[in-house]
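# Overview (structure and organization)
Residue strings, one per chain:
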Amino acid sequence: MLTLAAEFTDVSKTYRAPLRPGRTVQALREVSFGIEPGEVFALLGPNRAGKTTLLKVLLGLCHPSSGRVSRLGRPLSEQSTLARVGYMHENQAFPGYLSATTLLEFYGDLAWIPASILKPRIAALLERLGLADRAREPIARFSKGMVQRLALAQALLAEPDLLVLDEPQEGLDLSGRLLLQEIIAQQRGAGKTVLVVSHALGEVAQVCDRLAVLVQGRLAYLGSLASLLRDPDTGGERPLTTALGPIYRS
Amino acid sequence: MNTRRTFATLEQLIRDTFRQAWASGISGMMLGVTAICVVLCLSVSVSSDVVLHRSDEPALFLPPPSPPAVAPSVVLVLGSSGLLQTLTLTTASQTAWCSLENKPDLARREGIETITGQMTLAFGAVSFPMARERGDSVRFLELLLSGGIAGSLGLLLALVWTAGFLPTFLEASAASVLLAKPVGRWQLLVGKYIGVLTFVGFQVVLFVVLTWLALGLRTNVWDMTYWWCIPLLLLQFAVLYSFSVLLAVATRSTVACVFGSLLFWLLSWGINYGSVMARGLEEPQPLPSFTVALTQAAYWISPKPIDAGLILFNALDAQQHFEKPGVFKLLESGNTFSPQLSLLSSLVIAGVLLALSAYELNAKDY
């Protein structure tokens, strides 16, 4: 039987509304789907659709109110599976007093990467992401784009089987975006799973195998990009925004 | 997670705390305070002091706790001067001392060698007549450094300065990636707590050892009891900081941690003081049993800065040289005060607060 990289079964999440006692916000409503190993999976949806919440549930950052979630074929309670997961946060804040190298050493140790492997891997990653010349500089002096590149390096550090990217294009310039696409393709080539959350539909469409669309916490679409783009009336291909319009309004 | 990984995580968190402290300037400020105190100690000089007792005699010269405690030679000299004739031994020795202290010529005529020594601070800018021998003066300075500077001002500053460490660490945009690592949340929290304790412990050790060395070099008094203040101060900080940890987890706000910790410190003082006073009131005017139970309950579940002060006072053997403050006497009255229980209950409080923090962090959504 195929072990899914991630599996959500009837997952719901209800938050208490901040500063409004008794009021709740339902971020996820009985979401069920699975992500196969080796695929690039995109999670789309309008703002406040529950995309980031779903990622957080998968990473154990957020506790589901109900339902079951498995990560790399194991229940969420098995924290050791996180050693095989890389996560890039949508708005990452790194301690400004650390240098890129020290930061990656710190995260590498927490991800159980042996020291003998860690140092050459850090050097290679910084080189790949164009940060080698600033490796010893405090992060406080980094631009937004450089911080994003560093966040990507951090996510790739453990050579993860499951790479989770939340709005990875944010703050990246054109060369950074191209590099990101290259890295995602490379991950797929190596048989690794990539889960991308993004609102930059066009760029995600170019790299993903399948996608899910969340609207108001519900799974509104699940399938391949090709079937989403197929116009039911003409049988031809329609633009992604046109295809998503009726789903977002549903 | 095996032990090696746990220690590797702990090591990283400790190193990170030191880097954070250095980058935020807190390390520099603490080192600055230590440097000022070391310079102050290096500026001390003692001259013309007299050894008043042999090493096997109690350090107390006058007044004596009991007649045999007074150095025999001193009693003999005072007796022969004629000043003790109409007074009892204890009060006479005090009176005689006061009279002679201000009239060294008269004393000398009576055959009594009065102390004419001086202790100077700030490289001779400020001078004090020495009340007793140099060991006492050094002990006074050590009490001032450990109780007054490190134990009160230093402790407060350390609490305020380190209050921002955890909220920054737990901020959603910084912590999300950390919490997505294969390390338990409680391990990260306890690791950071130990990191801060290690940092503060390092600063305390530096402060005590350097001031001890400076005083020793200038006065040749090498009093090891001063080192007791290292574990005692660290324990006090550990208890107070555990509350700051709870606030950091609950609010992730530096401001809440700063003001909350200060409030908690003041409240602890109030509760500790109130319970001591309640104990003192028991004799002449017994308090209602409910009030007594309430103050006792509050006493056991809160940090005890006055107890800590007394333990420090006793650990430094200060009662040999100085009058014990009234609140300490009251605390020890009735023989119900147990330093071990006091310290143990403080440790339990720190443990409970940390456990609550870990539970809260574990339940939190990021």
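All residue numbers refer to position in the chain's written sequence, counted from 1. For naming, the first written chain is A and the first written ligand is 1, with later ones following in the order written. Residue-level local features of this predicted model are given only where pLDDT is at least 70; pairs of side-chain atoms are given and counted only at 80 or more, and the full residue set underlies all totals for whole chains, interfaces and linings.

## Comments concerning the overall build of chain A
Across its full length, chain A carries eight helices and 10 strands. Throughout, the radius of gyration refers to the C-alpha atoms, and the reference size of a globule is 2.2 Å times the residue count to the power 0.38. Taken over the C-alpha trace, chain A has a radius of gyration of 19 Å; the compact-globule value for 250 residues is 18 Å, and the two agree within 12%. Pairs at least 24 residues apart make up 70% of the contacts formed inside chain A by residues separated by at least 6 positions. Strands here mean DSSP runs of E at least two residues long; helices mean DSSP runs of H or I at least four residues long; both are numbered from the N terminus. Contact between residues is assigned whenever the C-beta positions, reconstructed from backbone atoms, fall within 7 Å.

## Topic: the overall build of chain B
The number of helices and strands found in chain B is 15 helices and three strands. Here chain B holds 366 residues, and the buried ones make up 36% of them. Of the contacts made within chain B by residues no fewer than 6 positions apart, 76% connect residues no fewer than 24 positions apart. Here the C-beta atoms are placed from the backbone, and a residue counts as buried if at least 20 other C-beta atoms lie within 10 Å of its own, exposed if 12 or fewer do, and partly exposed otherwise.

## Comments concerning the pairing of strand S3 (residues 126-129) of chain B
Residue and element names in this part refer to chain B. Bridging between strand S2 (residues 118-121) and S3 involves four bridges; their strand directions are antiparallel. Directly across from leucine 121, in S3, lies its bridge partner valine 126. In sequence, S2 turns back onto S3 through a hairpin of four residues, with alanine 122 there showing a positive phi of about 50 degrees. When DSSP finds two or more bridges between two strands, those strands count as paired.

## Topic: the packing of helix H2 (residues 100-110) of chain A against helix H1 (residues 3-23) of chain B
Relative orientation and spacing of two packed helices are given, respectively, by the angle between their axes and the distance between those axes. Structural elements are reduced to axes, namely lines fitted to C-alpha atoms, with helices fitted over the stretch in contact, and the angle between N-to-C directions of any two is expressed from 0 to 180 degrees. One way to put it is that H2 of chain A packs onto H1 of chain B with a least axis distance of 9 Å and a crossing angle of 155 degrees. Of the possible angle classes, the one that applies to H2 of chain A and H1 of chain B is roughly antiparallel. For the pair H2 of chain A and H1 of chain B, the sense of crossing is left-handed. Every residue of H1 of chain B that contacts H2 of chain A at Phe106, Asp109 and Leu110 of chain A is listed here: Ala8, Thr9, Gln12 and Asp16 of chain B. Polar here means any residue outside two lists: the nonpolar Ala, Val, Leu, Ile, Met, Phe, Trp, Tyr, Cys and Pro, and the charged Asp, Glu, Lys and Arg; Gly therefore counts as polar. A per-class count over the contact of H2 of chain A with H1 of chain B returns three nonpolar, two polar and two charged. Here is the rule for angles: anything less than 35 degrees is roughly parallel, anything more than 145 is roughly antiparallel, 65 through 115 is roughly perpendicular, and the remaining ranges are oblique. Crossing handedness follows the turn of the near helix against the far one: under a right angle anticlockwise gives a left-handed crossing, and clockwise gives a right-handed one.

## Side note on the interface of chain A and chain B
Listed by partner, the interface residues are 24 residues for chain A and 22 residues for chain B. Of all the secondary structure elements, the ones that give two or more residues to the side of chain A that touches chain B are helix H1 (51-59), strand S6 (85-88) and H2 of chain A. Of the residues forming the side of chain A that touches chain B, the biggest block, three residues, is contributed by H2 of chain A. Of the residues assigned to the side of chain A that touches chain B, the class counts are 15 nonpolar, seven polar and two charged.

## Quick word on helix H15 (residues 339-363) of chain B
Think of an α-helix as turning once every 3.6 residues; residues three or four places apart then point the same way. Here H15 of chain B contains 25 residues, and its C-alpha end-to-end distance of 36 Å stays within 8% of the 36 Å for a straight helix at 1.5 Å per residue. On its buried face, H15 of chain B is in contact with helix H9 (185-219), helix H10 (229-251) and helix H13 (305-315) of chain B. In a helix, the anticipated span is given by 1.5 Å times the number of residues less one.

## Remarks on the sheet that holds S6 of chain A
Residues and elements named next belong to chain A. Spatial ordering of the open sheet is given by S6-S7-S8-S3-S9-S10, a layout of six strands whose pairing is mixed. The sheet is open, and its two borders are formed by S6 and strand S10 (218-224), each paired with just one other strand. On average, each strand axis in the sheet is tilted by 15 degrees relative to the strand beside it, whichever way the strands run. Sheet contacts for H1: strand S3 (40-44), S6, strand S7 (162-166), strand S8 (193-197) and strand S9 (210-215); angle to S7, the most-contacted strand, approximately 150 degrees.

## So, the sheet that holds strand S4 (residues 66-71) of chain A
Residue and element names in this part refer to chain A. Ordered in space as S2-S1-S4-S5, the four strands form an open sheet in which the pairing is antiparallel. Each end of this open sheet is capped by a strand with a single partner; those strands are strand S2 (24-35) and strand S5 (74-75). Where strand S1 (residues 6-16) and S4 come together, five bridges link them in antiparallel fashion. Bridging across to S4, alanine 6 finds its partner in arginine 71.

## Concerning the nonpolar core
In terms of nonpolar packing, the biggest core is built from 145 residues, with Ala153, Leu157, Val164, Leu195 and Val196 of chain A together with Val245 of chain B touching the most fellow members. With 14 residues, the top contributor of residues to this core is H10 of chain B. We define a nonpolar core as a collection of buried residues of the types Ala, Val, Leu, Ile, Met, Phe, Trp, Tyr and Cys that are connected via C-beta atoms lying within 7 Å of each other.

## Focus on helix H3 (residues 115-128) of chain A
Residue and element names in this part refer to chain A. Taking 1.5 Å of rise per residue, the 14 residues of H3 would be expected to cover 20 Å, and the 20 Å separating its terminal C-alpha atoms lies within 8% of that figure. Listed in full, the buried residues belonging to H3 are Ile122, Leu125 and Leu126. Next to the buried residues of H3 lie H2 and helix H4 (144-156). Looking one or two places after H3, you find glycine 130, whose phi comes out positive at around 75 degrees.

## Considering the environment of glutamate 171 of chain B
Locating glutamate 171 of chain B in the fold gives a position in the loop between helix H7 (165-170) and helix H8 (172-179). For the pair glutamate 171 of chain B and glycine 124 of chain B, spaced 47 residues apart in sequence, the C-alpha separation works out to 51 Å. In this structure glutamate 171 of chain B touches Ala93 of chain A together with Arg252 of chain B, once residues within four positions along its chain are discounted.

## Observations concerning unusual backbone geometry
Residue glutamate 167 of chain A is not a glycine yet carries a positive backbone phi of 50 degrees. When you line up the elements, glutamate 167 of chain A lands in the loop between S7 and helix H5 (174-189). Positive phi values are uncommon outside glycine, yet asparagine 220 of chain B reaches one of about 65 degrees. Checked against the element boundaries, asparagine 220 of chain B lands in the loop between H9 and H10. Among the residues examined, asparagine 220 of chain B registers 11 C-beta atoms within 10 Å and is labelled exposed.

## Considering the packing of H9 of chain B against H10 of chain B
All names here are of chain B. At their nearest, the axes of H9 and H10 sit 10 Å apart, and the two run at 145 degrees to each other. In terms of crossing hand, the pair formed by H9 and H10 is right-handed. Residue-level inspection shows Leu189, Tyr193, Val196, Leu197, Val200, Gly201, Val204, Val205 and Val208 of H9 in contact with H10, the latter providing Cys229, Ile230, Leu233, Leu234, Phe237, Ala238, Tyr241 and Val245. Taken together, the residues of the contact of H9 with H10 break down into 16 nonpolar, one polar and no charged.

## Examining the environment of isoleucine 149 of chain B
Residues and elements named next belong to chain B. Relative to the elements of secondary structure, isoleucine 149 occurs in helix H6 (residues 134-162). The sequence separation of isoleucine 149 and valine 33 amounts to 116 residues, and the corresponding C-alpha distance is 9.4 Å. What isoleucine 149 contacts, discounting residues up to four positions off in sequence, is Cys37, Leu144 and Gly154.

## Some thoughts on the pairing of S1 of chain A
Pairing of S1 of chain A with S2 of chain A involves eight bridges; the strand directions are antiparallel. Bridging across to S2 of chain A, alanine 6 of chain A finds its partner in isoleucine 35 of chain A.

## Re the confidence of the model for chain B
Residue and element names in this part refer to chain B. Per residue, pLDDT measures the predictor's confidence, with a range of 0 to 100. Of the residues in chain B, 78% have a pLDDT of 70 or more, and the chain-wide mean is 81. Every residue in residues 61-95 is under pLDDT 50, and counting partners more than four places away or in other chains gives 42 contacts. Taken together, the chains of this predicted complex give a pTM of 0.83 and an interface ipTM of 0.88.

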